[in-house]
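Here is how the chains run, residue by residue.
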Amino acid sequence: INQMSVYLTGGDCAEDINEHLREHLKKVEGLSVCSADTILRGIKELSTPIETIIGPTGIAHQFNINLNLNKLLVKALKHTDQLRSGISQANTLDYDNQVISTEKYDAKKSYKKCHGYQPGVACIGENIVYIEGRNGNSQAKFQQAQTLGRAFDLLSDAGISIKRFRADGASYQQKVVELVSEMSEKFYIRAKATTHMEQRIGEIDPEQGWEKVRLGVQEMEVAHITDYRPFDGKTPYRLVVSRIKRKDKQTGIFSGQAYTYRAILTNDLDWELEQIVSFYNQRGKSEKTFDMMNNDFGWAKLPCSFLGENTAFMIMTALYANLYRFILSRFAEKLDWLKPHFRIKKFIFRFISVAAKWIRTGRQQVLKLFTEKDYSPLTG
């Protein structure tokens with residue numbers, strides 16, 4: 001409660017409870033206010049040991065797997081009905097890795113040339129359902145099938161089924177594709193360009209094979225290859241290709257055309273091309289989730305010195321973010337001056353920052369608000 005209160009009152013690190021928020025939080029009936037040291041000690045107690053895996057090139061990769069906290073994350077989502085069990089639920093699982101720049105004691109140098117961590121994060125909608133700690137030198141593709149396997153197993157044990165899986169080019173690996181084919185009905189993964197792929201794209205009929213579509217303000221052409229066989233060449237998939245004209249007019253070797261090509265590997269044979277491209281592009285919402293976690297819930301200011309403790313912190317703050325979205329959506333149903341998409345800063349200004357006083361009446365403590373805004377629908 002104390003740690004979540006820091007973010008719901010405009011703070012951005014545990015120390016704010018000592019410096020700025022203590023006297024205000026003490027006025028909340030029933031809330032026992034602790035120190036920043038107590039909060040950080042609790043996070044350390046929730047952490048798990050680091051696992052070191054030596055890669056094929058001899059590089060030591062540090063992972064932190066905290067299954068108990070991740071189970072709590074999913075359990076809380078089920079308890080608030082943000083996630084529901086049953087095969088009828090059309091859940092889409094998005095997976096991505098984010099580089100978090102930090103100069104912590106054990107942080108390694110990432111591909112972005114900065115020291116930090118690179119956790120793997122899985123989301124259903126806007127809600128984070130699984131986080132696995134990785135050090136900065138561990139590329140997203142390394143051991144990704146194992147990471148995703150743990151995420152799928154955790155969700156399956158909780159009765160959560162996945163209908164669609166979406167990920168970027170780091171997931172374009174045979175083991176990952178085989179896993180998500182088994183654990184979800186449909187998958188959509190950004191395909192990496194290869195000579196074989198470029199040759200197949202060059203074989204698409206330039207007159208009949210492409211159709212023009214508009215997605216938002218972007219005009220493009222789309223086509224597909226229905227029997228594309230990557231990796232070992234045995235299993236056919238559908239390759240959905242989109243192309244946009246290049247401004248520099250530079251032509252490709254195999255296509256002979258001045259276009260920028262992007263491709264999505266999928267086992268979805270039912271959706272139209274435009275549907276698949278549009279659906280895949282929606283995974284950009286994960287960037288919004290990362291931005292919210294960085295700036296609203298403390299990921300940009302990790303509090304501890306080691307990967308395991310900071311992973312526990314990230315999972316706990318993800319739990320707070322999920323609860324915040326739940327609370328906001330419920331309040332927005334009753335107050336027309338709140339919207340379910342509000343970021344926490346706007347929520348604080350619109351809802352929390354209001355003059356108030358606890359008064360005792362009828363043997364009860366009642367919070368009296370001094371505002372023209374109507375909060376009564378929340379108590380009715």
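Note that this is a predicted model, so its numbers are computed, not measured.

(A) Spatial organisation of the overall build of the protein. Along the protein, the regular secondary structure elements total eleven helices and 16 strands. The C-alpha extent of the protein, read off along each of the three principal axes, is 80 × 50 × 45 Å. For the protein, with 380 residues in total, the buried portion stands at 47%. Pairs at least 24 apart in sequence give 57% of the contacts found in the protein among residues at least 6 apart. For the protein, the exposed area adds up to about 20000 Å²; of that, 49% sits on carbon and sulfur atoms.

(B) Helix H3 (residues 36-46), seen in detail. Residues Ala36, Ile39, Leu40 and Ile43 constitute the buried set of H3. The buried residues of H3 occupy an angular sector of 95 degrees when the element is viewed end-on, so they sit on one face. Structural note: H3 exposes Asp37 and Glu45 on the side pointing more than 90 degrees away from its buried face. Buried residues along H3 sit against helix H1 (2-8), helix H2 (16-25) and helix H10 (307-334).

(C) Quick look at the layout of surface pockets. Counted as a void, the largest pocket has a volume near 1300 Å³. What lines the largest pocket is a set of 29 residues, among which Thr9, Val28, Phe351, Ile352 and Leu367 lie closest to the centre. Listed by contribution, the elements that provide at least two residues to the lining of the largest pocket are H1, H2, H10, helix H11 (344-352), strand S15 (356-361) and strand S16 (364-369). Broken down by element, the residue count for the lining of the largest pocket peaks at four residues, all from H11. Looking at the lining of the largest pocket residue by residue, the classes come out as 21 nonpolar, six polar and two charged.

(D) Summary view of the sheet that holds strand S4 (residues 100-101). Read from one edge of the open sheet, three strands run S4-S6-S5, paired in antiparallel fashion. Of all strands in the sheet, those with a lone pairing partner are S4 and strand S5 (108-109), marking the two edges. Here S5 pairs with strand S6 (residues 115-117) via two bridges, running antiparallel. Counted as the bridge partner of Lys109 is His115 from S6.

(E) Broad picture of the environment of Ile162. By the secondary structure assignment, Ile162 is in strand S9 (residues 162-167). Excluding its chain neighbours within four sequence positions, the residues that come into contact with Ile162 are Asn91, Leu93, Ile124, Phe152, Leu155, Met183, Ser184 and Glu185.

(F) How the structure looks around unusual backbone geometry. Here Lys113, not a glycine, exhibits a phi torsion of approximately 70 degrees, which is positive. Relative to the helices and strands, Lys113 resides in the loop between S5 and S6. Of note in this structure, Phe231 is not a glycine but carries a positive phi near 60 degrees. By the element assignment, Phe231 lies in the loop between strand S12 (218-228) and strand S13 (237-245). Among the residues examined, Phe231 registers a relative accessible area of 34% and is labelled partly exposed.

(G) Layout of empty space enclosed by the protein. Tallied over the full model, the rule gives one cavity of 30 Å³ or more. Only H1 and H3 provide two or more residues apiece to the lining of the largest cavity. Here the lining of the largest cavity is built from residues that sort into eight nonpolar, one polar and two charged.

(H) Here's a closer look at helix H9 (residues 285-296). Counted at 1.5 Å a residue, the expected span for H9 with its twelve residues is 16 Å, and the 16 Å between its end C-alpha atoms agrees. For H9, the complete set of buried residues consists of Ser286, Thr289, Phe290, Met292, Met293, Asn294 and Asp296. In the core, the buried residues of H9 are packed alongside H1, strand S3 (92-97), strand S7 (120-124), strand S8 (127-134), H10 and H11. Remark: Gly298 follows H9 within two positions and exhibits a positive phi of approximately 85 degrees.

(I) The arrangement of the packing of aromatic side chains in detail. Considering all chains together, one arrives at 18 aromatic pairs under this definition. Relative to Phe279, the ring of Trp271 lies with its centre 5.2 Å away and its plane at 75 degrees, an arrangement referred to as edge-to-face. Here the aromatic rings of Phe347 and Phe351 are separated by 5.1 Å at their centres, their planes lie at 10 degrees, and the arrangement is stacked. Of this pair, Phe347 and Phe351 both sit in helix H11, four residues apart, which is roughly one turn of the helix. You'll find Phe347 and Phe351 in the same group, each marked buried. Three or more aromatic residues joined by ring pairs make a cluster, and in this case those are Tyr7, Phe297, Tyr324, Phe331, Trp337, Phe347, Phe351 and Tyr375.

(J) Representation of the sheet that holds strand S1 (residues 51-54) in the model. Spatially, S1-S2-S8-S7-S3-S9-S10-S14-S13-S12-S11 is the arrangement adopted by the eleven strands of the open sheet, whose pairing is mixed. With one partner strand each, in any of the chains shown, S1 and strand S11 (211-215) form the two edges of the open sheet. With strand direction ignored, the average angle separating the axes of adjacent strands in the sheet is 25 degrees. The pairing of S1 with strand S2 (residues 60-64) spans four bridges and is antiparallel. Its bridge partner lying in S2, Ile54 is registered against Ala60.

(K) Representation of the pairing of S2. In terms of burial, S2 is largely enclosed, as four of its five residues are buried. Linking S1 back to S2 in an antiparallel pair, the connection comprises five residues, with Gly58 at a positive phi of about 90 degrees. The sheet contact formed by S2 and S8 spans two bridges and is antiparallel. In the sheet register, Phe63 faces S8, and the bridge partner there is Arg134.

Rules behind the numbers
- Residues numbered from 1 in each chain as written.
- Predicted model: local features only at pLDDT ≥ 70, side-chain atom pairs only at ≥ 80, totals over all residues.
- Heavy atoms only, no water.
- Helix = DSSP H or I, 4+ residues; strand = E, 2+ residues; numbered from the N terminus.
- Buried < 20%, exposed > 50% of the residue type's maximum accessible area, 1.4 Å probe, protein only.
- Contact = heavy atoms within 4.5 Å.
- Areas by Shrake-Rupley, 256 points an atom, 1.4 Å probe, with all protein chains shown as cover.
- Arc of directions from axis to C-beta.
- 1 Å grid on protein atoms, 1.4 Å probe; cavity = no way out; pocket = protein on both sides within 12 Å on 5 of 7 lines; lining within 4 Å.
- Points joined across faces, edges and corners; volume = space filled by probe spheres on them.
- Nonpolar A, V, L, I, M, F, W, Y, C, P; charged D, E, K, R; others polar.
- Pairing = 2+ DSSP bridges.
- Expected span 1.5 Å × (residues − 1).
- Phe/Tyr/Trp six-rings, centres within 6.5 Å; stacked < 30°, edge-to-face > 60°.
- Axes fitted to C-alpha atoms, helices over the stretch in contact; angles between N-to-C directions.

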